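Below, each chain spelled out in residue letters.
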Amino acid sequence: MKLVLLGPPGAGKGTQSMVLSKKYNMPHISTGDILREFVKKSLPLGIKAKSYMDKGELVPDDIVTGIVVERLKDADTKKGYILDGFPRTVKQAEDLDAALNKSGSAIDMAVYFQTSEATAIERLSGRRVCKVCGFNYHIKNIPPKKSGVCDKCGNQLFQRPDDKEDTVRNRLKVYESQTKPLIEYYTKKGIIKEVSGDLGVDGLLEVLSKIFRDAKLA
Ligand code: AMP
């Protein structure tokens with residue numbers, strides 16, 4: 001199944017993507033993760049993207065769409081994939097649909113993670129990430145066994161620069177103005193399902209598994 005996960009930053013899309021990717025054996029494609037990797041490697045696209053990311057602004061459409069269209073040519077995406085954090089503008093969604101259409105493919109379902117602003121801010125400001133393996137923690141909800149240290153690989157945890165409160169507020173504003181219109185875009189296509197991003201990881205997995213079964217996608 002070819003899925004798009006929609007919702008504000010902090011809605012739990014990334015965490016749920018990892019769980020779904022494992023359960024349904026399909027790749028989790030996060031444009032945020034790909035861009036952060038480019039930044040880490042100081043690749044030209046990463047250097048360009050960093051100035052936008054640090055401010056909580058969107059990286060230009062052509063850069064991000066180009067990255068995703070290339071990624072979707074990989075063999076592991078043939079049976080399905082989860083797009084997390086892409087598309088984020090109507091232009092990205094239109095360009096994605098056009099690119100998929102060329103190869104006779106299409107998005108099966110857009111899942112909208114409905115979450116309150118308070119929850120999103122609480123989740124993002126408490127998020128800590130491992131510098132080396134990228135595993136995500138939360139200081140209250142998913143604390144590491146030893147404060148500041150990754151359970152998986154023993155390396156140091158850090159706060160993403162764009163998870164600081166001011167940038168989080170800007171990311172939520174950007175979401176409202178540029179990404180929220182996608183709800184209407186996918187509603188018009190008749191392929192959107194809404195779930196509560198406030199459910200825990202397991203509760204959400206249960207709800208989503210039923211939605212996929214009912215839609216005969218799994
Ligand atoms: P995320 O990890 O999804 O919260 O993304 C982190 C940052 O990467 C965002 O705040 C944007 O600056 C950039 N980014 C990720 N995905 C996109 C996208 N589809 N379009 C534009 N910018 C993006």
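The structure contained in this document is the topic of the report that follows. (Residues numbered from 1 in each chain as written. Predicted model: local features only at pLDDT ≥ 70, side-chain atom pairs only at ≥ 80, totals over all residues. Heavy atoms only, no water.)

### Examining the sheet that holds strand β6 (residues 136-138)
Within a sheet, adjacent strands bond to each other through the backbone by hydrogen bonds, running parallel or antiparallel.
Then comes step 1: Taken together, three strands build an open sheet; the order of strands is β6-β5-β7 and the sheet is antiparallel. If you trace the sheet from one side to the other, it starts and ends with β6 and β7 (157-158), each paired once.
Then comes step 2: With two bridges connecting them, strand β5 (residues 127-130) and β7 associate as antiparallel partners. Bridging across to β7, V129 finds its partner in F158.
Then comes step 3: Across the sheet, helix α6 (residues 117-125) touches β5 and β6, and the angle it forms with β5 is around 35°. (Pairing = 2+ DSSP bridges. Helix = DSSP H or I, 4+ residues; strand = E, 2+ residues; numbered from the N terminus. Contact = heavy atoms within 4.5 Å. Axes fitted to C-alpha atoms, helices over the stretch in contact; angles between N-to-C directions.)

### Topic: the packing of aromatic side chains
Then comes step 1: All chains considered together, the criterion is met by three aromatic pairs.
Then comes step 2: Positioned above the aromatic ring of F135, the side-chain terminus of K152 is 4.5 Å from the ring centre. (Phe/Tyr/Trp six-rings, centres within 6.5 Å; stacked < 30°, edge-to-face > 60°. Lys NZ or Arg CZ within 6 Å of the ring centre and 35° of its normal.)

### Brief notes about the environment of P181
Then comes step 1: Within the fold, P181 resides in helix α8 (residues 181-189).
Then comes step 2: Along the sequence, P181 and T89 sit 92 residues apart, while their C-alpha atoms lie 7.6 Å from each other.
Then comes step 3: When near neighbours in sequence (up to four residues on either side) are disregarded, P181 contacts V90 and E176.

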